[in-house]
Amino acid sequence: MSKVVLKGFILVPTHELTVVKHALGRHKKLTREEPGCIQFDVTQSQENPCRFEVYEEFISKEAFEQHQARVQASDWGRLAVNVERHYEVFE
């Protein structure tokens, strides 16, 4: 069993920035509480407030897939539907 790392960034539409930022706190808390989560960081860029750097580590592919499934069914998944995602996933 090898860990999964996701690195990259998201771009939030300007008109959705306030809603997404508000929802992000709960999303981070719930993700960090997941049994397979090692690390989950989402940091807003100082240069571009619509850009957020993302770094995730999960103990296994299964834990990562469970996270993805939870996100799809969550408030975050619904509120961040228009967020542009630029990720690389390493196993």
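Relevant structure appears above.
Residues numbered from 1 in each chain as written. Predicted model: local features only at pLDDT ≥ 70, side-chain atom pairs only at ≥ 80, totals over all residues. Heavy atoms only, no water.

Describing the overall build of the protein
Helix and strand counts for the protein come out as 3 helices and 4 strands. Counted from the first residue to the last, the protein has its helices and strands arranged as β-α-β-β-α-α-β. With the principal axes as the frame, the protein shows a C-alpha extent of 40 × 25 × 20 Å. Per-residue burial over the protein gives 42% buried out of 91 residues. Within the protein, residue pairs in contact and separated by at least 24 positions form 72% of the contacts whose partners lie at least 6 positions apart. With an accessible surface of roughly 5,700 Å², the protein has 52% of that area assigned to carbon and sulfur atoms. (Helix = DSSP H or I, 4+ residues; strand = E, 2+ residues; numbered from the N terminus. Buried < 20%, exposed > 50% of the residue type's maximum accessible area, 1.4 Å probe, protein only. Contact = heavy atoms within 4.5 Å. Areas by Shrake-Rupley, 256 points an atom, 1.4 Å probe, with all protein chains shown as cover.)

As for the environment of Val83
Its location among the elements puts Val83 in the loop between helix H3 (75-79) and strand E4 (84-90). Distance in space between the C-alpha atoms of Val83 and Arg70 is 17 Å, their sequence separation being 13 residues. Sequence-distant contacts of Val83, defined by excluding residues within four places in its chain, comprise Ile10, Leu11, Val12, Pro13 and Val20.

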